[in-house]
Amino acid sequence: MNSQNTPVHVRLWHRDFWLMSIANMLLAMSVYILVPSFPIWLLETEKFTPVEVGVSMGAFALGLYLFGTFCSWLVQRFRRNRICIYSIAALIGSISILYYVHGLQSDFIEFWVILLHRVLLGATFGLAQMVLSSTLIIDTSESDKRTEANHSSAWFSRFAMSLGPIVGLVMFYYKNFDAVLLSSVFCASCAIILILTVNFPFRTPSDCYHIFSLDRFILPGSMPLFLNLLLIAVTVGMIMSLGLSDRFYGVIMAGFLLALLAQRFVFRDAELKSEVITGLVLLIAVLIMVFTRPLPIVWYIAPLLLGLSIGIICSRFLLFFIKLSRHCQRGTSQSMYFLSWETGIALGIGIGYALFFNDDKGLLITDMVLAVAALLMYNYYTHQWFLKHKNR
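An account of the accompanying structure is given in this report. (Residues numbered from 1 in each chain as written. Predicted model: local features only at pLDDT ≥ 70, side-chain atom pairs only at ≥ 80, totals over all residues. Heavy atoms only, no water.)

Quick word on the nonpolar core
Moving on, step 1. Core analysis: the biggest nonpolar cluster contains 138 residues, and I88 and W341 have the highest contact counts within it.
Moving on, step 2. Of the residues forming this core, the biggest block, 16 residues, is contributed by helix α12 (residues 298-324). (Core = buried A, V, L, I, M, F, W, Y, C linked by side-chain atoms within 4.5 Å. Buried < 20%, exposed > 50% of the residue type's maximum accessible area, 1.4 Å probe, protein only. Helix = DSSP H or I, 4+ residues; strand = E, 2+ residues; numbered from the N terminus.)

Structure (structure tokens):
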């Protein structure tokens, strides 16, 4: 049986790994806090059109790639933990500028200002996350436990998909948009503090490095995995553009916890293909339920199944990227996974607002088509392609 199970080692969970994993979650939360409330603020307060909101949210995906080719040069030329800290500080700066401009309240904010802000936010978040996940977390782990470290730390950033929107919505509805921005700054600042408490030994810079490089950025030959996960993430992003409640995101968190149990007990020795197939079937089931049965109970069952679906799909795809990488490409595989997922989420949210604003049925039908396409692509092409090209 072609199965794969990720072991659990207690020795992995030492102080430094805990601090870096929590920093990873807080960094992701600082961005996801803005996901549900930022478009509402643009629509209701700044009077943006749905197309402008969609383009603004999608522009975040463009920013993710802005500094990618410099990532390898930066971490080899300078102290890698400082690069991460400075990137998060720049992220805080971009949010603080928005806070200042919003506080002026002299006139409506121009579209180009929001567009620039979203690109800069994506660029700083992308660089910080690539350095953190592809370098710093790996540096805190022993060489024989790095796959488990990657798998475990990714769960912390996955939790941010639920925790971030909950905090953002609570602050937005019970306080104001300023409180949302301050919460984002607070989470990012805490991430910096946690990184500062971890000691990273100095490493002599390599004698041979290039300013522009795909190392720690793009994993060559992984495009089928990238596109398949991107398609799934677009589907999830479009769901997130529906204006979901904090309760919905809270139940998604319960689905994440259920996915952890399912990985440990249900899929422990299952066929390798089973996790992604099951996750996509659950995702399609969620869309069908929301489309055909808009009952109160559905808004509890649907997010639970959605969290379960995201959890088992993302965990397996992350391991696929690691298995596809060659020696010394582990960090690059982490960045490729991150880019695929975050690009899809940003594009999905952007498409949802730009093309399907106030058209939930049209969005759900399109989403079902994309989810079915992702299932067919994985079942009939991507999985066989992965088995043929994996290196581990």
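So, helix α13 (residues 330-356)
Moving on, step 1. Look at α13: 38 Å from first C-alpha to last across 27 residues, which is about the 39 Å you get at 1.5 Å a residue.
Moving on, step 2. Among the 27 residues of α13, 23 are classified as buried, and the element is accordingly described as predominantly covered.
Moving on, step 3. Two residues or fewer after α13 comes N358, characterised by a positive phi angle close to 65°. (Expected span 1.5 Å × (residues − 1).)

Focus: the packing of helix α2 (residues 34-44) against helix α3 (residues 50-63)
Moving on, step 1. At their nearest, the axes of α2 and α3 sit 10 Å apart, and the two run at 145° to each other. Seen from above, α2 lies across α3 with right-handed handedness. Together, V35, F38, P39, L42 and L43 of α2 and P50, V53, S56 and M57 of α3 make up the contact between the two elements.
Moving on, step 2. Residue composition of the contact of α2 with α3, by class: eight nonpolar, one polar and no charged. (Axes fitted to C-alpha atoms, helices over the stretch in contact; angles between N-to-C directions. Left-handed = near helix turned anticlockwise from the far one by under 90°. Contact = heavy atoms within 4.5 Å. Nonpolar A, V, L, I, M, F, W, Y, C, P; charged D, E, K, R; others polar.)

Regarding a nonpolar patch on the surface
Moving on, step 1. Together, L258, L261, F265 and V266 make up an exposed nonpolar region whose accessible area comes to about 430 Å².
Moving on, step 2. Checked against the element boundaries, F265 lands in helix α10 (residues 246-266). (Patch = residues over 30% accessible without salt bridge, like charges linked within 9 Å, V, L, I, M, F, W, Y side chains within 5 Å. Areas by Shrake-Rupley, 256 points an atom, 1.4 Å probe, with all protein chains shown as cover. Salt bridge = Lys/Arg side-chain N within 4 Å of Asp/Glu carboxyl O.)

Quick notes on the pattern of salt bridges
Moving on, step 1. Across all of its chains, the model carries three salt bridges by this definition.
Moving on, step 2. Note that R15 and D16 form a salt bridge whose closest N and O atoms lie 2.9 Å from each other.
Moving on, step 3. With its nearest N and O atoms 3.3 Å apart, the salt bridge here joins D139 to R80. Of this pair, D139 sits in helix α6 (residues 111-139) while R80 sits in helix α5 (residues 80-104), and the two are 59 residues apart along the sequence.
Moving on, step 4. Residue class for D139 comes out partly exposed when judged on its relative accessible area of 24%.
Moving on, step 5. Take R80: its relative accessible area is 14%, and that puts it in the buried class.

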